[in-house]
Amino acid sequence: MKKDDLKSLVTQMYKELLNNIDSQEEANKEQILDYLTDAIETIKKIDDTELDSTEHARLAFSNAYKEIAKESLSSYKKTNGQFEALNKLQQSTLKEAKDHMIDLPSITEKFDEIQKHMTDEVHKANTIIAKLTQQINELEEDSNLDGLTRVFNRRALNKYLSNITEKGELQHDLYLLILDIDDFKTINDTYGHIVGDKILIFIANILRKTLRDGDKVFRYGGEEFVIILNRITEERCREIAKRILTTVSTNKLLYKGHSVKVTMSIGATKYLNGDTPDSLIERADKALYHSKEHGKNQLNMEFKNGH
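For clarity, every value in this text was computed on a predicted model and none was experimentally measured.

Enquirer: Outline the pairing of strand S1 (residues 174–181), listing residues and values.
Expert: Strand residues, when the strand is regular, have side chains that alternate between the two faces of the sheet. For S1, the tally of buried residues reaches eight of eight residues, placing the bulk of the element in the interior. A two-sided burial pattern is seen for S1, the buried positions comprising Leu174, Leu176, Ile178 and Asp180 on one face and Tyr175, Leu177, Leu179 and Ile181 on the other. The pairing of S1 with strand S3 (residues 224–230) spans seven bridges and is classified as antiparallel. From the neighbouring strand, Leu179 faces S3, where its bridge partner is Phe225. As defined by bridge partners, S1 adjoins strand S6 (residues 264–270) across seven bridges and the pair is classed as antiparallel. Of the residues in S6, the one forming a bridge with Asp180 is Ser265.

Enquirer: Summarise the nonpolar core; cite the residues concerned and give the values.
Expert: In this structure, Leu177, Leu179, Ile199, Ile203, Phe225, Ile227 and Leu229 are the most contacted members of the largest nonpolar core, which totals 37 residues. Secondary-structure elements contributing two or more residues to this core are S1, helix H6 (184–191), helix H7 (193–210), S3, helix H8 (234–250), strand S4 (252–255), S6 and strand S7 (299–301). At eight residues, H7 tops the list of elements feeding residues into this core. Counting 20 residues, the second-largest nonpolar core is a separate cluster that includes Tyr160, Tyr271, Leu280 and Ala284.

Enquirer: Before we move on, could you go through the packing of H6 against H7 and cite the residues and values that matter?
Expert: Running from N to C, H6 and H7 cross one another at 135°; their axes reach a closest spacing of 7 Å. Judged on the interaxial angle alone, H7 and H6 are oblique. Side by side, H6 and H7 meet where Phe184, Ile187, Asn188 and Tyr191 of the first sit next to His193, Val195, Gly196, Ile199 and Leu200 of the second. Each residue belonging to the contact of H6 with H7 can be placed in one class, and the counts come to six nonpolar, three polar and no charged.

Enquirer: I'd love a proper account of helix H9 (residues 277–293), names of residues and values included.
Expert: Under the 1.5 Å per step criterion, the end-to-end length of H9 is 24 Å for 17 residues, consistent within 8% with the ideal 24 Å. Of all the positions in H9, only Leu280, Ile281, Arg283, Ala284, Ala287, Leu288 and Ser291 are classed as buried. For H9, the angular spread of buried residues about the axis comes to 165°, placing them on one side. Exposed residues lying more than 90 degrees from the buried face of H9 are Asp278, Glu282 and Tyr289. Of the residues one or two after H9, Gly295 is the one with positive phi, at around 120°.

Criteria and thresholds
Residues numbered from 1 in each chain as written. Predicted model: local features only at pLDDT ≥ 70, side-chain atom pairs only at ≥ 80, totals over all residues. Heavy atoms only, no water. Buried < 20%, exposed > 50% of the residue type's maximum accessible area, 1.4 Å probe, protein only. Helix = DSSP H or I, 4+ residues; strand = E, 2+ residues; numbered from the N terminus. Pairing = 2+ DSSP bridges. Core = buried A, V, L, I, M, F, W, Y, C linked by side-chain atoms within 4.5 Å. Axes fitted to C-alpha atoms, helices over the stretch in contact; angles between N-to-C directions. Parallel < 35°, antiparallel > 145°, perpendicular 65-115°, else oblique. Contact = heavy atoms within 4.5 Å. Nonpolar A, V, L, I, M, F, W, Y, C, P; charged D, E, K, R; others polar. Expected span 1.5 Å × (residues − 1). Arc of directions from axis to C-beta.

Right, dumping it as structure tokens:
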């Protein structure tokens, strides 16, 4: 790993550690040690020969902080709810006492003090919730990983394709595949979005296990994924695509006693000198359209000459 990569990684770790501490009401030594232990394990797993390994390590620090923020968010929301419930109970008790013509100035004054205290606490909790929500949104925007499937997101794809196409002619073959889950809207309408999310995670896991080291998988948006296959022949590309189709179609998800069958359609194209990110995606998308049009659950390939 280059010196600049190391410096960038340590800077990211330091930044997220400070954010971690700032996000805690009462940070302690144990929390810092836990964070540093996780950081050590993350750095140990970095593969110096794989550029994306460093990127995943940087993101791991951000994602760890994001999980802490989400936990804090949940905690403060719960506190907020408890205070609001107590506030309503206090008001109800006070009203009942007045309705019975019981004049208890001292109790009324005490209740007022309690109410003010609880209102202040609710305001404080709401302020922290707003701050944490903003931090989470910023982390999501800066991340190159999809929050649901944990594969690279569209932002990372755009960056990756731009780097590739700027090089012009490559010394090896590269194929881009677009994969789309068949009838995904029908699945969501029938079983609900929870099942839809489970299917997306299921597909992402299959893709990770099927692909070789050096290949890339991205969530393109909605129910679509993009795969980049590096240093590969057309024949091998077809083999991998067909293996994905077979693995997906022969596995069924069980949800509340229902068996949910999933299939995918794939469109593929080969990188040619002079391609742009848009031209690559456009050709693969055209091939995907043919797969959908000719019965789904299949692979079609589109090259510059239309074959």
